[in-house]
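Remarks on the overall topology
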Amino acid sequence: LLNQIELAPPDKILGLTETFNNDTNPSKVNLTVGIYKDNYGKVTTFPSISKAQKLIDRELGLNKNLSYLPIKGGKDYAENVKHFLYDESCSSSTNLVAGSEKNYGKQLIDNNRISFAQTLSGTGALAISAKFLALFISKKVWIPNFSWANHMNIFNKNGFKDIHYYSYYDVKSGQLTVDNWLNDLKEKVSKDKSPEPHCIILHACCHNPTGLDPTREDWDKIIDTINELKMIPIIDMAYQGLESGNLIQDAYLLRKCIDPKYVWDNGLFLCQSFAKNMGLYGERVGSLSIVAPSHSPPRVKEAVDSQLKRIIRSIYSSPPGYGSRVANLVLSDPGLKSQWFKDVNIMVNRLQGIRDQLSTNLDWSTVNDSQQHGMFYFTRFSLPVVQELRDKYSIYLTDDGRLSLSGINDSNIEYVCDTFKKIENQ
Ligand code: LMR
């Protein structure tokens, strides 16, 4: 049987860095993976993070304890992350959901409605969600077209056999297609009479790969529809802070979804990551929370918690310690936390600066328009153009034409822009 195994295709994002590393062209430029790099091409360690690292190593001695973490991660981490996500990010002063004055997120914590697990970043949270959902609730999911290349892979490899795509973006116009999105759901989900509910992946902000997010008015319509169709929202929040430069503001979708006017009978799933906004990529730091509906008795949350533990134990036993200690310290120390907020803002300003430079150097009118957010620009280059850029010029974008902005810096911007002009004028 081993002889019959077919070659799997290379990963659509990480696989390209392998190819890039083997490229001998000295002018090569890697604009594939979403890693924030500074103007010198270095993966950035934010000041808040390096201060926390020093404290952990030298003063607190936390790394002396190399024992296992609990299956669902440390208690402090759970408390601090829940506080950050559901209390601070959902607090009434920032709660822009019309008419709501209460901090519903804090109520969820106080009423013990959130099943929480520290996960191996956002990917781990999505994979555990998929396993959990496929085992107990649903094997049907809707993914935006376009989406992060790994979404389909994660759901497909974790038990989902019924994968659908909703219209999100029109390549020709470069615009979102919210009306088509809603029509897709209304037409297809409402016609399905089986009792199995449909899940839906929602990018909380900085949509990957297009960089275009629905407006708040659009989100209001979208969430109303998803609620009417009794779908299960799975919020993928990998880029909190990278939309506006303000971590709290960017949690609009979460704030919106926890409004008690929505009753998510089968839970609300939040898959969150500190990879990008803390620059903790390789440390794999994130979380999964499943919010139980208000009408559910306490045993529901207990059962969910216990099953999450069982799933995690069967895959990787318990999460790694170091990165989560760093994140925990940043979240729990007011000085480090305010430095972190500044660090995120500085990163977003540099990304905006690159957008402005591209817009000046090229005739790209949309690259710095106010609807564009996050680490990526979606060039709408066709696959043959992307391949030519790679093969002839050693400029690497993902196959869908996505460009990771921070890979551009003072030493390569001229080469990148000249090449793009050449390609566009062919
Ligand atoms: C990306 O889209 O480049 C990042 O989310 C990294 C990854 O894991 O794919």
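Since this is a predicted model, take the numbers as computed values, not measurements.

Scanning the protein chain for helices and strands turns up 14 helices and 13 strands. Scaling as 2.2 N^0.38, a compact globule of 426 residues should have a C-alpha radius of gyration of about 22 Å, and the protein chain matches this with 22 Å. For the C-alpha atoms alone, the extent of the protein chain along its principal axes is close to 65 × 60 × 60 Å. For the protein chain, buried positions account for 44% of its 426 residues.

Moving on: the confidence of the model for the protein chain. On average, residues of the protein chain score 94 in pLDDT, and 98% of them reach the 70 mark or higher. Here residues 95-100 scores under 50 on pLDDT; set against residues more than four positions off or in separate chains, the count is ten contacts.

A few words on the site of the ligand. Near the ligand you find Ile13, Val33, Gly34, Trp148, Asn150 and Asn208, and these make up its full shell. Per-class residue counts for the shell around the ligand are three nonpolar, three polar and no charged. Lining the shell around the ligand are residues from two domains, each supplying at least three of them: domain 1 (2-46 + 339-424) and domain 2 (68-332).

Before going further, it helps to examine the sheet that holds strand S9 (residues 268-273). Sheet architecture is open: seven strands sit in the order S2-S10-S9-S8-S7-S3-S4, paired in mixed fashion. Edge positions in the sheet fall to strand S2 (114-119) and strand S4 (162-167), since each of these pairs with one other strand and no more. In this sheet, adjacent strand axes meet at a mean angle of 20° when their direction is disregarded. Bridging between strand S3 (residues 140-145) and strand S7 (residues 199-203) involves two bridges; their strand directions are parallel. Counterpart to Trp142 in the pairing with S7 is Ile200. Helix-sheet contacts for helix H3 (residues 75-88) involve S2, S9 and strand S10 (286-291), and the interaxial angle to S2 is about 115°.

This paragraph deals with helix H8 (residues 216-228). In this model H8 runs 18 Å from its N-terminal to its C-terminal C-alpha over 13 residues, within 8% of the 18 Å that 1.5 Å per residue would give. All of the buried residues in H8 are Ile222, Ile223 and Ile226. End-on, the buried residues of H8 take up no more than an arc of 95°, which puts them together on one face. Those residues of H8 that are buried lie in contact with helix H7 (178-191), S7, strand S8 (232-237) and helix H9 (252-257). Immediately downstream of H8, the backbone of Lys230 shows phi near 55°, a positive value.

The next point concerns the pairing of S8. Counting buried positions along S8 gives six out of six residues, so the element sits mostly inside the fold. The two faces of S8 match: Ile232, Ile234 and Asp236 on one face and Pro233, Ile235 and Met237 on the other face are all buried. Two strands pair when backbone bridges link them, and S7 and S8 are joined in this way by five bridges, in the parallel orientation. Paired with Leu202 across the strands is Ile235, a residue of S8. Regarding the hand of the β-α-β motif, the stretch spanning S7, H8 and S8 is right-handed.

Let's shift gears to the environment of Gly401. Following the sequence through the fold, Gly401 ends up in the loop between strand S12 (395-396) and strand S13 (402-404). Judged by C-beta crowding, with 20 C-beta atoms within 10 Å, Gly401 ranks as buried. Residues Gly401 and Ile413 lie twelve residues apart in sequence; the distance between their C-alpha atoms is 17 Å.

Turning our attention to the domain arrangement of the protein chain. We note that the domain assignment places domain 1 (2-46 + 339-424) and domain 2 (68-332) within the protein chain. A C-alpha centroid distance of 26 Å is found between domain 1 and domain 2. If you look at the interface, domain 1 gives 27 residues, while domain 2 gives 24 residues. Elements supplying a minimum of two residues to the side of domain 1 that touches domain 2: helix H12 (334-361) and strand S11 (376-378). Among the elements that line the side of domain 1 that touches domain 2, the one with the most residues is H12, at six residues. Tallied by class, residues from the side of domain 1 that touches domain 2 come to twelve nonpolar, eleven polar and four charged.

Quick look at unusual backbone geometry now. For the peptide bond that leads from Asn145 to Phe146, omega is 20°, which places it in the cis range. When you line up the elements, Phe146 lands in the loop between S3 and helix H6 (149-157). The omega torsion across Asn208 and Pro209 is 20°, close enough to zero to call that bond cis. Turning to its location among the elements, Pro209 is positioned in the loop between S7 and H8. Despite not being glycine, Asn112 has its phi angle at roughly 55°, a positive value. Relative to the assigned elements, Asn112 resides in the loop between helix H4 (104-110) and S2. Take Asn112: there are 11 C-beta atoms within 10 Å of it, and that puts it in the exposed class.

Here the focus is the packing of helix H2 (residues 47-60) against H12. Two elements in contact, H2 and H12, have axes whose closest approach is 7 Å; the angle formed by their N-to-C orientations is 150°. With respect to their mutual orientation, H2 and H12 come out roughly antiparallel. On the side of H2, the interface is formed by Pro47, Ser48, Lys51 and Ala52, while H12 contributes Leu336, Gln339, Trp340 and Asp343.

Rules behind the numbers
- Residues numbered from 1 in each chain as written.
- Predicted model: local features only at pLDDT ≥ 70, side-chain atom pairs only at ≥ 80, totals over all residues.
- Helix = DSSP H or I, 4+ residues; strand = E, 2+ residues; numbered from the N terminus.
- Rg over C-alpha atoms; globule rule 2.2 N^0.38 Å.
- Buried ≥ 20, exposed ≤ 12 C-beta atoms within 10 Å, placed from the backbone.
- pLDDT = per-residue confidence, 0-100.
- Contact = placed C-beta atoms within 7 Å.
- Near = placed C-beta within 6 Å.
- Nonpolar A, V, L, I, M, F, W, Y, C, P; charged D, E, K, R; others polar.
- Domains from an automatic or database assignment.
- Pairing = 2+ DSSP bridges.
- Axes fitted to C-alpha atoms, helices over the stretch in contact; angles between N-to-C directions.
- Expected span 1.5 Å × (residues − 1).
- Arc of directions from axis to C-beta.
- Right-handed = clockwise from strand over helix to strand, strands pointing away.
- Parallel < 35°, antiparallel > 145°, perpendicular 65-115°, else oblique.

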